[in-house]
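Per-entry structural report
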Amino acid sequence: MTLPKIVATDLDGTLLNSAGSITPRTRKALQLARSAGAEIVFVTARPPRGVRDIAVQAGVSGTAVCSNGAIVYDLATDGIVADHPLDREAAMKVARTLAEALPGIGLAVETGRGVLREPAYTRRIEHDMAYQREVSSVFDGDEPIVKLLAQSPGHTADEMFTAVVAAIEGLAEVTHSGVHGLLEISAPGVTKAGTLDGLCRERGIEPAQVVAFGDMPNDLAVLAYAGAGYAMANAHHLVLAAIERRTSSNDEDGVAAVLEELYG
């Protein structure tokens, strides 16, 4: 068997354990894959600032796909290589649709370097507070809308997705990554899988030469794209229903188990 040339992995619920850490076993398995010539590509909903420390923990350098595919990030230089923001007019239309379907919804915008949040958006991530700024409307400024975030604490993300996906179709990509009551909205055609495919094409790598890991609906297209896509044992029910290959959970070093078998 030809060894995969790219290891594409989600972070939360996949490569990271429930404490948000890289275990020694996982770090060693990533180094095993790198020693065999594979490139490790983080493919995550996190923005660049949420990836840097993890890359250091994991001993990984190179390129990461961030913000559900909206950003290509250079880990070595801390530079955004490319971004694919959501058009402001389209984002405003999406916001109106969300407000009609889910009254009282709170909005925030990921800009790539920070978050603009309206008062109704009450989600707080303690370690990210330094990068957040409250505004009366996320559409008042001119900062890029890398990702529109919509929060409705009274609903699950699955319920929100079902309520709005048909109305938003064509205007934007809508998905979620496991946070209760939170949808993540990107420009049309911008997905983790699409951006990963662009990186592979630049490197002359076929999908069959990619092994991928994920746990949430925003990972589904990546797992389907890869020659070998693995769902974590702790994955969302839609992922488990769609993906045949499985590995153990993120708290059982599921990614490491596969990499050890492939590259050991």
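Structural notes, computed from the coordinates.

Calculation notes
- Residues numbered from 1 in each chain as written.
- Predicted model: local features only at pLDDT ≥ 70, side-chain atom pairs only at ≥ 80, totals over all residues.
- Heavy atoms only, no water.
- Helix = DSSP H or I, 4+ residues; strand = E, 2+ residues; numbered from the N terminus.
- Polar contact = N/O pair within 3.5 Å; in protein donor to acceptor, adjacent residues only side chain to side chain.
- Contact = heavy atoms within 4.5 Å.
- Pairing = 2+ DSSP bridges.
- Axes fitted to C-alpha atoms, helices over the stretch in contact; angles between N-to-C directions.
- Salt bridge = Lys/Arg side-chain N within 4 Å of Asp/Glu carboxyl O.
- Buried < 20%, exposed > 50% of the residue type's maximum accessible area, 1.4 Å probe, protein only.
- Expected span 1.5 Å × (residues − 1).
- Arc of directions from axis to C-beta.

Details of the side chain of Thr175
If you trace the backbone, Thr175 turns up in strand β10 (residues 173–175). A distance of 3.4 Å separates a polar side-chain atom of Thr175 from the backbone nitrogen of Asn218. In this view, Thr175 contacts Asn68, Phe161, Leu183, Glu184, Pro217 and Asn218; residues no more than four positions away in its chain are not counted.

A word on the sheet that holds β10
With respect to topology, six strands assemble into an open sheet ordered β8-β7-β6-β9-β11-β10, the strand pairing being mixed. With one partner strand each, in any of the chains shown, β8 (132–134) and β10 form the two edges of the open sheet. On average, each strand axis in the sheet is tilted by 20° relative to the strand beside it, whichever way the strands run. Pairing of strand β9 (residues 147–151) with strand β11 (residues 182–186) involves four bridges; the strand directions are antiparallel. Along β11, the bridge assignment pairs Gln151 with Leu182. Of the strands in this sheet, β6 (106–110), β9 and β11 touch helix α4 (residues 88–101), which is tilted by about 10° from β9. Here helix α5 (residues 157–168) sits on the sheet and contacts β9, β10 and β11; the angle it forms with β11, its principal contact strand, is near 45°.

Some points on the pattern of salt bridges
Under the counting rule described, the total for this entry stands at 14 salt bridges. With a shortest N-O distance of 3.5 Å, Asp78 and Arg113 are connected by a salt bridge. Separated by 35 residues along the polypeptide, Asp78 in the loop between β4 (71–74) and β5 (79–83) and Arg113 in the loop between β6 and β7 (115–117) bring together distant segments of the chain. With a closest N to O distance of 3.1 Å, Glu184 and Lys147 form a salt bridge. Taken as a pair, Glu184 in strand β11 and Lys147 in strand β9 lie far apart in primary sequence, 37 residues in all. Taking relative accessible area as the criterion, Glu184 reaches 3% and is therefore assigned buried. When its relative accessible area of 5% is taken as the criterion, Lys147 is described as buried. When salt bridges with common partners are traced through the structure, they connect Asp10, Lys192 and Asp219 into a single cluster.

Comments concerning α4
Between its terminal C-alpha atoms α4 stretches 20 Å, which fits the 20 Å expected from 14 residues at 1.5 Å a residue. Turning to α4, its buried residues are Ala90, Ala91, Val94, Ala95, Thr97 and Leu98. For α4, the angular spread of buried residues about the axis comes to 165°, placing them on one side. Seen from the open side of α4, the exposed residues pointing more than 90 degrees away from its buried face are Glu89 and Glu100. For α4, the secondary structure elements touched by its buried residues are β6, β9, α5 and β11. Its side-chain oxygen 3.1 Å from the backbone nitrogen of Glu89, Asp87 forms the N-cap of α4.

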